[in-house]
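Chain by chain, the residues run as shown.
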Amino acid sequence: MSKLHGALCLRLRLLEVRNFASAKKILHAVGADNGLKKPISEIASLLGENQVQHNVMGKVFNMLFIAYAENIRFKEALEVFDYMKKDGFEIAVRACKVYLRATERQKRYDLLFEFYQKMVEFDVKITVYSMTMVINGLCKLGEVCKARRLMDEMVSKGMKPKEYTYNTLLDAYVKEPNFAVVSENLREIKSERLDFYVKSYTLLIDEYSTFSNLEEVERLFREMEEKGMKSDFRVYNYMISGYSKIGNVKKAFSLFGEMTEKCFFPNSHTYIALIKGLYNAEQMQEVEVLLNEMQNKGSYINQVIFSMMIDDYCKQGNVDEALRLLRIMEGLGHEADANVYNIIATRLRKLDRYGEAKRLLLSMVDRGVALNLLSYTTLIDIYSKQGNFVEAKRTLNEMETKGIKPDTATYNALINGYCRHGNFVDAKRTLSEMEIEGVMPNTITYTALIDGYCKLGNFVKAKSTLVEMETKGVKPNTTTYTVLIDGYCKKGIMKEAYKLMIDMEANDLIPDVYTYTAFIDGYCKQGKLVEAKRTLNVMETKGVKPNTTTYTALIDGYCKKGIMKEAYKLWIVMEANDLIPNIYTYTSLIHGNCQLGKVDDALKLFNKMPTKGLVPNVVTYTIFISGLLKEGRTHEACRL
């Protein structure tokens, strides 16, 4: 007798004496033991040999189905389910619930929905609880619309959803967020005289706070109180954050007081929200008072609070405030870690404030903070952009000596620097080095090389690099094609540029504002203003918004042709679209006016630049001085 046969026989005897608990344990062991794994047909055959009655066999199969599900053997469980339906055995609703719960616990939401479809197909009774599990699974998969259709379908069959069903959907809608659908769901919950959960209220308050709909936040909060629901510190945090965001610091502090009166202890998020509100209101002294008060009350101001605030300011582009906060942090006796320094240094680098970024990173060592991969990569990127490859290589060697392995971004910084300075021998050598070290080049690596070759006008090398990257399985992106297109456009080779755009779109890559701007600039440089204007219309038709550079290229084209009326029209359109003219826009208009002898109009533009925070450059001065001299206004030219 086989081990499986013995287990089944023992199981049947236990059923006969109605010892269901022991019988279940035996089948659970069968479901867990790989050594007892047999096809369901073989198990059915063994039961048949023992002349088991149909209803008893059904109980065995149901228990075996449950055992497989509880042991996460979903494939075997489904084989049992399919066999039972094929041979007309009744499937217990409880057994189905066990399978649904098991797939939900394992986050196998795909299997959960597939099994629900089987239940529907075989007309197995579906409870509200089962349906809610399936709806929750679909929501987790991001299939919120499908979840909603499922609920509507069940309602049409006479099943009445419970509070937890609606709240499951509500939670998913709020996370989307789709407030039109949220409102509809809220109306349905109210029409069914059902209540929200505390969790649903909390989620709604969080989302409405995020979008500064504080009137709705207040209403939901008071509704919770009227229903006797106990809110928690998170609800207060969301409201404090919302009011701080819109600048109502007084209300935020009022809620802070209410929060502490109810014995909810504020956490780091509470203080961050209040501090941000004070910062935004430029109440720096109050910030320091709050920070000191937190320390006096024993509230630990950790690095996480400062790091989050510094990161937030850097993301907003307000790096000077981040630096000031760093000084406050250090003044309170807190040492910044590498993450804080990296956040600020990265933002300074992106703003081309290389000197400050280097000093900040190098000061880490003096303060006993070790440079990490990101710190070294940022330094290498700065040195490379400045053309200081001796320091860049020294920094690379230092990080390797300290056991820090360079990654793709590190090598990319060097390669990009070499390409910018026309040193392609070292760029290709670095590419070979990184591959030898097992660091794979990516799209950014090859795009830097292609851009460098284009700037040199070496399109044969640029195109061969494009082929090389594709051969190595690295996919070009929109930027890759755009740098090539821009290179051709700058050289006036518009036909080749257009061919590349066709290839680009054939590869399912969508041209962006930089792609179209390259074409517009190329046409304008050739004096083909009709084609340039047509390209502007095409990009707008396709939903690509022109930027300042786009308009400036077209304005420059009209100015060089002396068509100032069209240039000024574009200026007006540009400002109407909330785009700010830059130094190149002003310089183009000054040039156009000087060419036509309209020096007074040029002077107005020249004087307007400082009021807009723009400093005329060498080109601007040269053009304007030439215009003045041409009109015999030597005295004014000398004063400049």
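Just so it is clear, the model here is predicted, and its values are computed rather than measured.

A. Structural detail: the overall build of the chain. Counting its secondary structure elements, the chain contains 37 helices and zero strands. Counting only residues that meet the buried cut, the chain has 49% of its 640 residues in that class. Summarising the internal contacts of the chain: among those between residues at least 6 apart in sequence, 59% fall at separations of at least 24. Here the chain has roughly 32100 Å² of accessible surface; of this, 52% comes from carbon and sulfur atoms.

B. Quick peek at the packing of aromatic side chains. Within the structure shown, the criterion is met by 16 aromatic pairs. Centroid distance F74 to Y99: 5.5 Å. Interplanar angle 75 degrees. Geometry classified as edge-to-face. Within this pair, whereas F74 is found in helix α5 (residues 74–86), its partner Y99 is found in helix α6 (residues 93–105), the two being separated by 25 residues in sequence. Here F74 matches Y99 in class, with each residue buried. For the pair F113 and Y116, a centre-to-centre distance of 6.1 Å together with 25 degrees between the ring planes defines the contact as stacked. Here the residue F113 and the residue Y116 both occupy positions in helix α7 (residues 109–121), the gap between them amounting to three residues, near one helical turn.

C. Structural view of the side chain of T620. Checked against the element boundaries, T620 lands in helix α36 (residues 618–630). Assessed through its relative accessible area of 0%, T620 is described here as buried. The residues contacting T620, other than those within four sequence positions of it, are I583, T587, I590, F606 and M609.

D. Spatial organisation of the environment of K350. When you line up the elements, K350 lands in helix α20 (residues 338–350). Each C-alpha atom, one on K350 and one on I382, is 9.9 Å from the other, the two residues being 32 residues apart in sequence.

E. Main features of the environment of K463. Tracing the chain through its elements places K463 in helix α27 (residues 459–471). The exposure class assigned to K463 is partly exposed, which follows from its relative accessible area of 31%. As a C-alpha pair, K463 and L484 span 21 residues in sequence and 8.1 Å in three-dimensional space. Other than its neighbours up to four places away in sequence, K463 contacts L484, Y488 and E496.

F. How the structure looks around the packing of helix α31 (residues 529–541) against helix α32 (residues 548–560). Where α31 meets α32, the axes come as close as 10 Å, and the angle between the chain directions of the two elements is 160 degrees. Judged by the inter-axis angle, α31 sits roughly antiparallel to α32. Pair α31 / α32 crosses with left-handed handedness. Across from L529, A532, K533, L536, M539 and E540 in α31, the residues of α32 making contact are T550, Y551, L554, G557 and Y558. Taken together, the residues of the contact of α31 with α32 break down into seven nonpolar, two polar and two charged.

G. Looking closely at helix α34 (residues 583–595). Its 13 residues give α34 an end-to-end C-alpha distance of 18 Å, which sits within 8% of 18 Å, the value for a rise of 1.5 Å per residue. Extensive coverage of α34 is indicated by the burial of ten of its 13 residues. Buried within α34 are the following residues: I583, T585, Y586, T587, S588, L589, I590, G592, N593 and C594. Contacts from the buried residues of α34 go to α32, α33 (564–576), α35 (599–611) and α36. Just downstream of α34 lies G597, where phi reads positive at about 80 degrees.

H. Highlighting the packing of α6 against α7. Where α6 contacts α7, the axes come no closer than 8 Å and their chain directions differ by 160 degrees. Here α7 runs roughly antiparallel to α6, going by the angle between their axes. The two elements α6 and α7 cross, and the hand of that crossing is left-handed. Of the residues in α7, those touching α6 at C96, Y99, L100, T103 and E104 are Y109, L111, L112, F115 and M119. Across the contact of α6 with α7, the residue classes tally to eight nonpolar, one polar and one charged.

I. Spatial organisation of the confidence of the model for the chain. Per-residue confidence for the chain averages 81 on the pLDDT scale, and 82% of its residues sit at or above 70. Note that residues 1–36 has pLDDT below 50 and, in this model, 59 contacts with residues that lie over four places away or in other chains.

J. Focus on unusual backbone geometry. A positive phi angle is found at I72, which is not glycine, with a value near 60 degrees. Phi angles above zero are rare outside glycine, and K107 is one such case at about 60 degrees. Structurally, K107 can be placed in the loop between α6 and α7.

K. Representation of α6 in the model. Its 13 residues place the ends of α6 18 Å apart at the C-alpha level, agreeing with the 18 Å of an ideal helix rising 1.5 Å per residue. Within α6, burial applies to A95, C96, V98, Y99, L100, A102 and T103. Those residues of α6 that are buried are in contact with α4 (54–70), α5, α7 and α8 (128–140). At the C-terminal side of α6, K107 shows a positive phi close to 60 degrees.

L. Focus on the nonpolar core. In terms of nonpolar packing, the biggest core is built from 139 residues, with I310, L326, I344, I485 and I590 touching the most fellow members. With sequence-adjacent residues up to four places away left out, I485 is seen in contact with A497, L500, M501, M504, T515, A518 and F519. Y68, L78, V134 and I135 belong to the second-largest nonpolar core, a separate cluster that totals 45 residues.

M. The arrangement of the side chain of T378 in detail. Note on placement: T378 falls in helix α22 (residues 373–385). When sequence neighbours within four positions are dropped, the list of residues in contact with T378 reads A345, T346, R349 and L361.

N. Looking closely at the pattern of salt bridges. A full pass over the atoms with the stated rule returns 29 salt bridges. Between D320 and R353 there is a salt bridge whose closest N-O contact spans 2.9 Å. One end of the pair, D320, is in helix α19 (residues 319–331); the other, R353, is in the loop between α20 and α21 (354–366), with 33 residues separating them in the sequence. Between E391 and R394 there is a salt bridge, with its nearest N and O atoms 2.9 Å apart.

Calculation criteria
Note that residues are indexed from 1 along each chain, following the sequence as it is written. Where totals are concerned, whole chains, interfaces and linings use all residues; where local detail is concerned, this predicted model gives features only for residues with pLDDT of at least 70, and gives and counts side-chain atom pairs only at 80 or more. Heavy atoms from the whole structure form the basis of all side-chain values; hydrogens and water molecules are not counted. Here a strand is any run of E in DSSP of at least two residues, a helix any run of H or I of at least four, and the numbering for each starts at the N terminus. When a residue's accessible area, from a 1.4 Å probe over protein chains only, is under 20% of the maximum for its type it is buried; when over 50% it is exposed; and in between it is partly exposed. Contacts are residue-level and defined by heavy atoms, with any inter-residue pair within 4.5 Å sufficient. Under the convention used here, a 1.4 Å probe and the Shrake-Rupley method define accessible areas, while residue burial counts only the protein chains that appear. For Phe, Tyr and Trp, rings pair up if their centres lie within 6.5 Å, where Trp contributes its six-membered ring, and each pair is then called stacked (planes under 30 degrees apart), edge-to-face (over 60) or tilted (otherwise). Helix axes are fitted only over the stretch in contact, all axes being lines through C-alpha atoms; the angle between N-to-C directions runs from 0 to 180 degrees. An angle below 35 degrees is treated as roughly parallel, one above 145 as roughly antiparallel, one from 65 to 115 as roughly perpendicular, and anything else as oblique. Handedness of a helix crossing follows the sense of rotation of the near helix relative to the far helix, less than a right angle counterclockwise being left-handed and clockwise being right-handed. Ten residue types, Ala, Val, Leu, Ile, Met, Phe, Trp, Tyr, Cys and Pro, are classed as nonpolar, four, Asp, Glu, Lys and Arg, as charged, and the remainder, Gly among them, as polar. Expected helix span is given by 1.5 Å per residue-to-residue step, counting one fewer step than there are residues. For every residue, the predictor assigns a confidence score, pLDDT, that lies between 0 and 100. What is meant by a nonpolar core is a set of buried Ala, Val, Leu, Ile, Met, Phe, Trp, Tyr and Cys residues, joined one to another through side-chain atoms within 4.5 Å. The rule for a salt bridge is simple: a side-chain nitrogen of Lys or Arg has to be within 4 Å of a carboxyl oxygen of Asp or Glu.

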